[in-house]
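Observations on the model geometry
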Amino acid sequence: MSSTAAALPVVLIKTSQGDIRIELYPEKAPKTVANFLDYVKAGQYNGTIFHRVIKGFMIQGGGFKANFDEKPTGAPIPLESRSGLKNAMGTVAMARTSDPNSARAQFFINTVDNAGLDYPNPDGNGYAVFGKVSSGLDVVKNIEAVPTTVRGPMRGVPEQTVLIESVSLI
């Protein structure tokens, strides 16, 4: 990462479980960071939830309201998984479908080292890391530990809502 960490953009994610600060890496993932910050500035993440929690893997959010209505998003962005950034514990990456260039608003925080998500794994494309938790990893770990259930086709849904109250650039 950059030796001038103070110059990196930082976002604050206020959740019902506590605050998480994430430093972003625009030099390594410029389109991904710009996309994420556009959603932050538009208030996209305010009132969304962590809808997928898999212990020993990651927590995912940013796409659904507490009632599980999916929030509308903009166009997908190109995958930036070849940046050299790794899906290490505490890093933040964009969620996507099997189409490598399908990331929109949803993101996940790795709760362990997930080398299996680094380019070229698991499907020849990898997942684009664009930031890292700089404080609040204990909050991430608390979210990871919440009891989960199945809701329709979704697995790993927290039994009690984990709300993303707001996300702001600080």
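Below is a short write-up of the structure.

As for helix α2 (residues 137–144)
For α2, the set of buried residues is V139, V140, I143 and E144. Around the axis of α2, the buried residues are gathered within 145° of arc, so they sit on the same side. Taken together, the buried residues of α2 touch β1 (10–15), β2 (18–24), β3 (48–54), β4 (58–65), β6 (107–110) and β7 (129–135).

Some details on the sheet that holds β1
The strands making up a sheet associate through hydrogen bonds between their backbones, and the pairing can be parallel or antiparallel. Taken in spatial order, the eight strands close into a barrel running β1-β2-β7-β5-β6-β4-β3-β10, and their pairing is antiparallel. Direction aside, the axes of adjacent strands within the sheet are offset by 35° on average. As paired elements, β1 and β2 share six bridges and run antiparallel to each other. From the neighbouring strand, V10 faces β2, where its bridge partner is E23. Each of β1, β2, β5 (91–94), β6, β7 and β10 (163–169) touches helix α1 (residues 30–42); the most contacted strand, β10, lies at about 115° to it. Along the sheet, α2 contacts β1, β2, β3, β4, β6 and β7; its crossing angle with β2, the most-contacted strand, is approximately 120°.

Each value, and the rule that gives it
Residues numbered from 1 in each chain as written. Predicted model: local features only at pLDDT ≥ 70, side-chain atom pairs only at ≥ 80, totals over all residues. Heavy atoms only, no water. Buried < 20%, exposed > 50% of the residue type's maximum accessible area, 1.4 Å probe, protein only. Helix = DSSP H or I, 4+ residues; strand = E, 2+ residues; numbered from the N terminus. Arc of directions from axis to C-beta. Contact = heavy atoms within 4.5 Å. Pairing = 2+ DSSP bridges. Axes fitted to C-alpha atoms, helices over the stretch in contact; angles between N-to-C directions.

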